[in-house]
Amino acid sequence: MISVTPSSHTPYFTPANNAGAALNPDDPNTPLLFQPLRIRDVTFKNRIIVSPMCMYSADPDPSSSTVGAPTDYHIAHLGHLALKGAGLVFVEASAVQPNGRISPYDVGLWQGPDSPQFHGLQRVVQFAHSQGAKVAAQLHHAGRKASVTASWLAAQAGKPSLKVDERTHGWPQDVVGPSGGAEHTWDRTGDGFWVPRALSTDEIKDVVRAFATNAATAVKAGVDVIEIHAAHGYLLHQFLSPVTNKRTDEYGGSFENRVRILREVAIAVREAIPAGTPLFLRISATEWLEEESVAKRSGSWDLESSERLALLLPELGIDLLDVSSGGNHQDQKIRIHTNYHIDMAAQLRKAIRAAGASTLVGSVGFITEAEQAKQILEGPDPKADVVLLGRQFLREPEWVMNTAKQLGVKVTTPLQFLRAGLI
């Protein structure tokens, strides 16, 4: 007999599903991938996470009340991944200030509670929760990589990137970074990106406050996890790197000065959210510039820098380090192979454990196969504590169910899907 319990999370009827949860999580034969994980006050039903992926599908018009608000598209896109078993679903990178968007089509939370942005996010959260998934908000500021069009629009124009001006809802006069001037334009040509201006000290403080207020808004909307985005050449990464940070004040120069804004953001966010809310941090473990001329004189952000940062995370209240790479300079030479992010995550995790810290580590990039994901988390020296998948979920939305079947794990399925015999 099938028992149907209505979800309490939505104003309409749907069964309270919990797809992707192992039926016997305490069975020693259940892979760690399908065992629950508790971080602070949040328990995830499995260790499979949908990485944040920009969809460039929000209202771009700054005169509209719905600018930057998640839409029905986001409910459909993120909701079907929650429906099919992911333990944690990231909303795409959410800008903490209007000029922090990558494109005019990005989502954000700068309007605060009881705004269209807030209610749009709340609807995504309500549906995901009704399916037993947790939701994470990745907060970011694009810095000098802002005011460009959607990636797929640039591709149609045959460009890797295409800047937009006020005629198409851009903000060319308010593209910012730690340092300003033509030499700090991301592509150095001015073709695909705008010339940034340097943030003042007061503006840096505004950015820090914006991260904190946006985090509080996200939690009020029901979000379970907050992540600070300090990777891929966006503003916080720009401050971390000596390649893009040429400041001579307290936010530039030494390692301690370059990480100052990240420290301030992490502390402010931690204070703005409940003690039981997990806080993640995404970094680029290296920017792949070690051998490039742009970094010969100043150095670059590399794996050694990331190890130094990783050891600071416990005092900042960060629970999980989400390890990616690259994105801060066009001269990057990425040495791509199947495990290139996995190996870096493993090295950082090993350094964290050697220092006696318990910060968790997430691995992302080219994780596509069931056995591969299983092995990342297991063995005498695990490479990571959770796996994050992005594009693989676009190719295979039912990846969690398929992985469970391949690994011989019996998991729950949505009641509406029982007739399909997914497992």
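Note that the structure is a prediction, hence the values are computed from the model and not measured.

A. Molecular detail of empty space enclosed by the protein. Taken as a whole and assessed by the stated rule, the structure comprises three cavities of 30 Å³ or more. Lining the largest cavity are L37, I39, F44, N46, R47, I49, L88, F280 and V386. Of the residues in the lining of the largest cavity, the class split is seven nonpolar, one polar and one charged.

B. Highlighting the packing of aromatic side chains. Taken as a whole and assessed by the stated rule, the structure comprises seven aromatic pairs. For the pair F239 and Y251, a centre-to-centre distance of 6.4 Å together with 75 degrees between the ring planes defines the contact as edge-to-face. Residue F239 is found in helix α5 (residues 235–240), and its partner Y251 is found in the loop between α5 and α6 (255–258); the two are separated by 12 residues along the sequence. F239 sits in the buried class, given a relative accessible area of 0%. Seen from their ring centres, Y340 and F366 are 5.8 Å apart, and the 50 degrees between their planes marks the pair as tilted. Here the residue Y340 occupies a position in helix α11 (residues 340–354), and F366 occupies one in the loop between β11 (360–364) and α12 (370–377), the gap between them amounting to 26 residues. Judged by relative accessible area, F366 falls into the partly exposed class, the value being 44%. The residue whose ring lies beneath R308 is F255, and the NZ or CZ to ring-centre distance is 3.9 Å.

C. A look at the side chain of Q392. Within the secondary structure layout, Q392 lies in helix α13 (residues 391–395). Note on Q392: relative accessible area 10%, which makes it buried. One polar contact links Q392 to R395, side chain to side chain, over a distance of 3.0 Å. In this view, Q392 contacts I367, T368 and W399; residues no more than four positions away in its chain are not counted.

D. Layout of the pairing of β11. Here β11 lies mainly inside the structure; five of its five residues are buried. The alternating pattern of β11 places L360, G362 and V364 and V361 and S363 on opposite faces, both of which are buried. When strand β10 (residues 320–324) meets β11, the two strands line up parallel, connected through four bridges. The residue bridging L320 from the neighbouring strand is L360, located in β11. Of the strand pairs in this sheet, β11 and strand β12 (residues 386–389) are connected by three bridges, and their pairing is parallel. When the bridges of β12 are listed, V364 appears paired with L388. Of the crossover connections in this fold, the one passing from β11 over α12 to the parallel β12 is right-handed.

Parameters and conventions
Residues numbered from 1 in each chain as written. Predicted model: local features only at pLDDT ≥ 70, side-chain atom pairs only at ≥ 80, totals over all residues. Heavy atoms only, no water. 1 Å grid on protein atoms, 1.4 Å probe; cavity = no way out; pocket = protein on both sides within 12 Å on 5 of 7 lines; lining within 4 Å. Points joined across faces, edges and corners; volume = space filled by probe spheres on them. Nonpolar A, V, L, I, M, F, W, Y, C, P; charged D, E, K, R; others polar. Phe/Tyr/Trp six-rings, centres within 6.5 Å; stacked < 30°, edge-to-face > 60°. Helix = DSSP H or I, 4+ residues; strand = E, 2+ residues; numbered from the N terminus. Buried < 20%, exposed > 50% of the residue type's maximum accessible area, 1.4 Å probe, protein only. Lys NZ or Arg CZ within 6 Å of the ring centre and 35° of its normal. Polar contact = N/O pair within 3.5 Å; in protein donor to acceptor, adjacent residues only side chain to side chain. Contact = heavy atoms within 4.5 Å. Pairing = 2+ DSSP bridges. Right-handed = clockwise from strand over helix to strand, strands pointing away.

Everything listed here is a matter of geometry and, on its own, says nothing about what the molecule does.
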